[in-house]
Amino acid sequence: MSKYETVIGLEIHAQLLTESKMFCGCSTKFGNKPNTNICPVCTGQPGVLPVTNKKAIELAIKTAIALSCKIEPSSVFARKNYFYPDLPKAYQVSQYELPLATGGHIEIEVAGQKKRIGIIRVHLEEDAGKLVHQGADRIMGSDSSLVDYNRTGVPLMEIVSEPDIRSPLEAKAFMETLQHLLQFIQVCDAKMEEGSLRCDANISIRPVGDKKLGTKTEIKNMNSFRGVLKALGSEEKRHAEVKEAGGTIIQETRYFDDTTETTTGMRSKESAHDYRYFPEPDLVPVEPEGAWISEIKKTIGELPEAKKQRFETECGLSAADAELLISSPVLAAFFEQAIKLHDKPKIVANWIMGDLTAYLNENKKAIDEIDFTPAQLVEILKSIDKGTISGKIAKTVLVEVLKSGKQVKDVIAESGMTQVSDEGEIIKIIKEVLKHNPGPVAEYKKGKKATIGFLVGQVMKASKGRANPGMANKLLAKLLAES
Ligand SMILES: [Zn+2]
């Protein structure tokens, strides 16, 4: 690809976390029986009037502030006219000429390089319904289709990036960064696999050094971060091959097929005028007052990038560790609560990212789906510090608490796993070990001091891991010197 430069712009649709739809009171709940979350407004019956959902505007403004956009003093809903069976009104209410917010940016990082990607606009719109194709997963190859209007009218926020993205990797980083941000400020659950975060891409290539943009194609159906990477990777390659063969790129919409990891042409790209946009006469413009915007601004907590920086500078974590902890707002909050109770950030971070995460991955659960609190983790860590249990036993205690849901102190007490710090008891074990290992003892006496490591290991084994390792070491050295 050295001869060409790739230019990518992304359009992201994020489903806003509201209880009700964009212009009616119907529930947005996912997974209900088809066509049960519907009413005359969202199914486009004659004579009904829509009312804008204030919460949806609030969440979109919150996002726009977090993306450093300018909130427009007046934005207008418009009808985007087209016919499709999943669109009962035959138009989608969206924002066109006058969007809610404009001109922001977000910072991404690829291979240690930071880069700022511009945001052209953030606007509000409603979702369409869902076609369920019979006998195939898409319309091609299907003999009939059913329509479910539960999703019709669900509030969406569209975020449009500047064509500042230069590679599929940057596009993936953009999506991941945006996902973190939306989750952190709690405007969208941003699950690509479940469709609450969707993305279309415009991609073109041009000879390196050229300023003029090449003809672009629009890619749809990228349902995962991997999909974004594969779809754009295959499309930039296709553009280069067409150009190399002396052909021309046709401006069109292309569909990404997850199984073949290639794109195929769907339809020639329509232009904005094909939609005959005009202002929605049934809705008033959105004109948020300054005081309200200030209120919304106050609800934005610390943004992920700032949190990451703070974890590095204040808590002394490595960049990689900080990155992992901010990968989910719930995980980051768990860490922060734990270090409030136990001021040893590195140790706390290691336990969260080590044993706790391993358990979560194994059981395919998120940290907010289990009944385990930061206080419980801290209780385990403090038991190690006090010498009640060894670090090794603590790992077993953690898993037992996670599995059983019992109290930490009960698990420790019931299991008989408390650490042995009684000198007499440890000496008894050591004497047994020395008796059964005459060879290593002799080697130690001949001057091979490293043998003590093996003997300590035997003491730990004989005590089933319960002997206080520090004491075992000290007492062993003492007894060896005396014998
Ligand atoms: Zn409705």
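This is a predicted model, so every value here is computed, not measured.

Q: Explain the overall build of the chain residue by residue, including any values.
A: When its secondary structure is counted, the chain shows 15 helices and 14 strands. Taking 23 Å as the expected radius of gyration for a compact globule of 483 residues, we find that the chain reaches 30 Å, considerably beyond that expectation. Looking at the chain alone, contacts between residues at least 24 apart form 68% of all its contacts between residues at least 6 apart. When the accessible surface of the chain is totalled, it reaches about 24400 Å², and 53% of it is carbon and sulfur. Averaging the locations of the 65 positively and 65 negatively charged side chains of the chain gives two centres separated by 6 Å.

Q: Explain the coordination of the zinc ion to me, and be specific about the residues and the numbers.
A: The zinc ion binds to the protein through Cys-24 (SG), Cys-26 (SG), Cys-39 (SG) and Cys-42 (SG), with metal-donor distances spanning 2.3 Å. One can describe the site at the zinc ion as tetrahedral: its 4 donor atoms subtend angles covering 100 to 114° at the metal.

Q: Run through the nonpolar core, naming residues and quoting values.
A: Leu-10, Phe-174, Met-175 and Leu-182 are the most contacted members of the largest nonpolar core, which has 60 residues in total. No other element matches helix H1 (residues 54-66), which puts 8 residues into this core. The residues touching Phe-174, leaving out its near neighbours within four places in the chain, are Leu-10, Ile-12, Ile-106, Ile-108, Ile-117, Ile-119, Ser-161 and Ile-165. The next biggest cluster of nonpolar side chains, apart from the first, holds 39 residues, and it includes Leu-317, Ala-332, Ile-352 and Val-411.

Q: How would you explain the packing of helix H13 (residues 438-445) against helix H14 (residues 451-462) if you had to name every residue and give the values?
A: Interaxial distance between H13 and H14 falls to 9 Å at its minimum, and their mutual angle equals 145°. Pair H13 / H14 crosses with left-handed handedness. Contact with H13, carried on its side by Pro-440, Val-441, Glu-443 and Tyr-444, involves Thr-451, Ile-452, Phe-454 and Leu-455 of H14 and no other residues of that element. Taken together, the residues of the contact of H13 with H14 break down into 6 nonpolar, 1 polar and 1 charged.

About the cut-offs
- Residues numbered from 1 in each chain as written.
- Predicted model: local features only at pLDDT ≥ 70, side-chain atom pairs only at ≥ 80, totals over all residues.
- Heavy atoms only, no water.
- Helix = DSSP H or I, 4+ residues; strand = E, 2+ residues; numbered from the N terminus.
- Rg over C-alpha atoms; globule rule 2.2 N^0.38 Å.
- Contact = heavy atoms within 4.5 Å.
- Areas by Shrake-Rupley, 256 points an atom, 1.4 Å probe, with all protein chains shown as cover.
- Lys, Arg positive; Asp, Glu negative; His and termini not counted.
- Charge placed at Lys NZ, Arg CZ, Asp CG, Glu CD.
- Donors = N, O, S within 2.8 Å, 3.2 Å for Na, K, Ca; no water.
- Tetrahedral: all angles 85-135°; square planar, octahedral: opposite > 155°, others 65-115°.
- Core = buried A, V, L, I, M, F, W, Y, C linked by side-chain atoms within 4.5 Å.
- Buried < 20%, exposed > 50% of the residue type's maximum accessible area, 1.4 Å probe, protein only.
- Axes fitted to C-alpha atoms, helices over the stretch in contact; angles between N-to-C directions.
- Left-handed = near helix turned anticlockwise from the far one by under 90°.
- Nonpolar A, V, L, I, M, F, W, Y, C, P; charged D, E, K, R; others polar.

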